[in-house]
Amino acid sequence: MQRLHLIVTGEVQGVGFRWHVQRAARALGLRGEVRNRADGAVLVEAEGERDALEQLAEAARRGPGAAAVAAVEERWSEGPARYRDFAIGPTA
């Protein structure tokens, strides 16, 4: 299974970013998790079809209207499924 790991920096906390990502991921049929990090970034871990994961990465680069995404660090991998749905997790 394809897996995408994103670290999104900028003005991405307190602006609805996690809900934006969760809605997009669920609409794309992806599983995983999005969570705030203590350093102000947002971490996204998603798994599913490559095309859907690429669309999720684009949604993260855009962010919701109140966000100001400065950078998105993207890492790809493969492996067995880890998640059953797409959730908002606790701050890491």
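Before reading further, recall that the structure is shown in the block above.
Here is what the cut-offs are and how they apply
Residues numbered from 1 in each chain as written. Predicted model: local features only at pLDDT ≥ 70, side-chain atom pairs only at ≥ 80, totals over all residues. Heavy atoms only, no water. Helix = DSSP H or I, 4+ residues; strand = E, 2+ residues; numbered from the N terminus. Rg over C-alpha atoms; globule rule 2.2 N^0.38 Å. Buried < 20%, exposed > 50% of the residue type's maximum accessible area, 1.4 Å probe, protein only. Contact = heavy atoms within 4.5 Å. Areas by Shrake-Rupley, 256 points an atom, 1.4 Å probe, with all protein chains shown as cover. Lys, Arg positive; Asp, Glu negative; His and termini not counted. Charge placed at Lys NZ, Arg CZ, Asp CG, Glu CD. Pairing = 2+ DSSP bridges. Expected span 1.5 Å × (residues − 1). Arc of directions from axis to C-beta. Core = buried A, V, L, I, M, F, W, Y, C linked by side-chain atoms within 4.5 Å.

Q: Requested: an account of the overall build of the protein chain, with residues and values cited.
A: Across its full length, the protein chain carries two helices and five strands. Going residue by residue from the N terminus, the α and β elements of the protein chain occur as β-α-β-β-α-β-β. Computed over C-alpha atoms, the radius of gyration of the protein chain comes to 12 Å, within 12% of the 12 Å expected from 2.2 N^0.38 for 92 residues, which places it in the range of a compact globule. In terms of overall dimensions, the protein chain has C-alpha extents of about 30 × 25 × 20 Å along its principal axes. Counting over 92 residues, the protein chain shows a buried share of 46%. Within the protein chain, residue pairs in contact and separated by at least 24 positions form 78% of the contacts whose partners lie at least 6 positions apart. Carbon and sulfur atoms provide 46% of the accessible area of the protein chain, an area that totals close to 4900 Å². Averaging the positions of the 13 positive and the 13 negative side-chain charges in the protein chain gives two centres separated by 4 Å.

Q: Can you break down the pairing of strand E1 (residues 2–11) residue by residue, with the values?
A: Note on strand geometry: in a regular strand, side chains alternate between the two faces of the sheet. For E1, the buried fraction is high: seven of the 10 residues fall into the buried class. The pairing of E1 with strand E3 (residues 42–48) spans seven bridges and is classified as antiparallel. Within the sheet, the bridge partner assigned to Leu6 lies in E3 and is Val44. With 10 bridges connecting them, E1 and strand E4 (residues 68–78) associate as antiparallel partners. Across the sheet, residue Ile7 finds its bridge partner in E4, namely Glu73.

Q: Lay out helix H2 (residues 50–62) with the relevant residues and their values.
A: The terminal C-alpha atoms of H2 lie 19 Å apart, and with 13 residues this matches the ideal 18 Å at 1.5 Å per residue to within 8%. Of the residues making up H2, those classed as buried are Ala52, Leu53, Leu56, Ala57, Ala59 and Ala60. The arc that holds every buried residue of H2, seen down its axis, measures 160°, which confines them to one face. For H2, the exposed residues lying more than 90 degrees away from the buried face are Asp51 and Arg62. Residues of H2 that are buried make contact with E1, helix H1 (17–27), E3 and E4. Directly after H2, the chain includes Gly63, whose backbone phi takes a positive value near 65°.

Q: Quick one: what's the story with the nonpolar core, residue by residue and with numbers?
A: Counting residues in hydrophobic clusters, the biggest one holds 21 residues, and the most contacted among them are Phe17, Val44 and Leu56. Mapped by element, the contributors of at least two residues to this core are E1, H1, E3 and H2. Looking at this core, the element that brings in the most residues is H2, giving six residues. Excluding residues that lie within four positions of it along the chain, Val44 makes contacts with Leu4, His5, Leu6, Val21, Glu33, Val34, Leu56 and Phe86.

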